[in-house]
Amino acid sequence: MAKDEKAAQEETEEAPKKSKKKLIMIIAIVVVLLGGGAGGYFMFKPSSATAAAEPEPGAVVPLDPVTINLADGHFLKLRLSLQATADAAEAPDGSKALDIAIELYSNRPMAELMSNTERERSKAELREKIEKAYTVDKTKEIMDVYFTSFVIQ
């Protein structure tokens, strides 16, 4: 009888080990499925932040050309166009943009503006300043700035 008791005791010890393994496996599968579902939801869900960050384009307003004095007796003839947003109540007045451009480019060395990388960097700086100047009540009125003429003499 002692042998039967030992066999019964071993079977009862193996049963909890098997049930614990099954429980751990079920929990792991549930966690993986929930994690995959949540990841898929967030990956394929349309982002409202992205939609809010991109305003609808409006009218393009060309500005009059302006001649700016550079360093060492050189000149920059610059013509800009402003891309307004659809949220802008009216076509933007270009006087602020021209003033910012004159301030940014005045007395710069000609060699600095001759390279494409420096011209793109200065254009990005100009765009940032103009967007900031034309933002009213956290509503952007200008979304881009275009150089329609950029002549250095």
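In this report, we go over the structure that sits alongside the text. These numbers were taken from a predicted model, which means no experiment stands behind them.

With that settled, the discussion passes to the overall build of the protein. Within the protein one finds five helices and six strands. Moving toward the C terminus, one meets the helices and strands of the protein in the order α-α-β-β-β-α-α-α-β-β-β. Buried residues in the protein amount to 24% of all 153 residues.

This part takes up the side chain of Lys-123. Within the secondary structure, Lys-123 sits in helix α5 (residues 116-133). As a buried residue without a salt bridge, Lys-123 has its nearest oppositely charged side chain in Glu-120, at a separation of 5.0 Å. Ignoring anything within four residues of it in the chain, the contact list for Lys-123 reads Tyr-105, Val-145, Tyr-146 and Phe-147.

A few words on the pairing of strand β3 (residues 75-85). Summarising burial for β3: eight of the eleven residues are buried, a large majority. Relative to β3, strand β1 (residues 57-62) runs antiparallel, the two sharing four bridges. Across the sheet, Pro-62 pairs through a bridge with Ser-81, a residue of β3. In terms of strand pairing, strand β2 (residues 66-69) meets β3 through four bridges, oriented antiparallel. Each residue of the ladder has a partner; that of Val-66, found in β3, is Leu-78. Following β2, the chain reverses through five residues before pairing antiparallel with β3; Asp-72 in that reversal takes a positive phi of roughly 60 degrees. For β3 and strand β6 (residues 142-152), the ladder comprises nine bridges, and the chain directions are antiparallel. Paired with Ser-81 across the strands is Tyr-146, a residue of β6.

What follows is about the packing of helix α3 (residues 95-105) against α5. One can describe the packing of α3 onto α5 by two numbers: an axis separation of 10 Å at closest approach and a directional angle of 140 degrees. Judged on the interaxial angle alone, α5 and α3 are oblique. α3 and α5 meet at a crossing whose hand is right-handed. Residue-level contacts link Lys-96, Ala-97, Ile-100, Ala-101, Leu-104 and Tyr-105 of α3 to Ser-122, Lys-123, Glu-125, Leu-126, Lys-129, Ile-130 and Ala-133 of α5.

Applying the stated criterion to the full structure yields eight salt bridges. As a salt-bridge pair, Glu-125 and Arg-108 come within 3.8 Å of each other at their nearest N and O atoms. Residue Glu-125 is found in helix α5, and its partner Arg-108 is found in the loop between α3 and α4 (110-114); the two are separated by 17 residues along the sequence. Look at Glu-125 and you get partly exposed, because its relative accessible area is 24%. For Arg-127, the salt bridge is made with Asp-144, and the minimal N-O distance between the two is 2.7 Å. Taken together, the residues Arg-127 in helix α5 and Asp-144 in strand β6 connect sequence positions 17 residues apart. Residue Arg-127 is classed as partly exposed on the basis of its relative accessible area of 26%.

Here we come to the side chain of Arg-108. Arg-108 sits in the buried class, given a relative accessible area of 11%. Within the structure, Arg-108 has its side chain in polar contact with the backbone oxygen of Leu-104 (distance 3.3 Å). Apart from the residues lying within four places of it in its own chain, the contact partners of Arg-108 are Leu-70, Ala-71, Leu-113, Glu-118, Arg-121, Ser-122 and Glu-125.

The rules we used
Per-chain numbering applies: the sequence of each chain, read as written, is numbered from 1 onward. Per-residue local features of the predicted model are confined to residues with pLDDT of at least 70, and side-chain atom pairs are confined, for both listing and counting, to 80 or more; whole-chain, interface and lining totals are unaffected and use all residues. Water and hydrogen atoms play no part in the side-chain values, which are based on all heavy atoms of the structure. Numbering goes from the N terminus for both helices and strands, where a helix is a DSSP run of H or I of at least four residues and a strand is a run of E of at least two. Think of it in three bands: with a 1.4 Å probe and only protein chains considered, a residue is buried below 20% of the maximum accessible area for its type, exposed above 50%, and partly exposed in between. In this charge count, Lys and Arg are treated as positive and Asp and Glu as negative; neither His nor the chain ends contribute. Just to be clear on terms, a salt bridge is a Lys or Arg side-chain nitrogen sitting within 4 Å of an Asp or Glu carboxyl oxygen. Residues count as neighbours in contact if any of their non-hydrogen atoms are within 4.5 Å of one another. What makes two strands pair is DSSP finding at least two bridges between them. Working convention: axes come from line fits to C-alpha atoms, limited for helices to the stretch in contact. Angles between N-to-C directions cover 0 to 180 degrees. Small angles under 35 degrees read as roughly parallel and large ones over 145 as roughly antiparallel, with 65 to 115 read as roughly perpendicular and the rest as oblique. Note on convention: the crossing is left-handed when the near helix lies turned anticlockwise from the far helix by less than a right angle, right-handed when the turn is clockwise. For this analysis, a polar contact is any N or O atom pair within 3.5 Å, provided that within protein one partner can donate a hydrogen and the other can accept it, and provided that sequence-adjacent residues contribute only side-chain to side-chain pairs.

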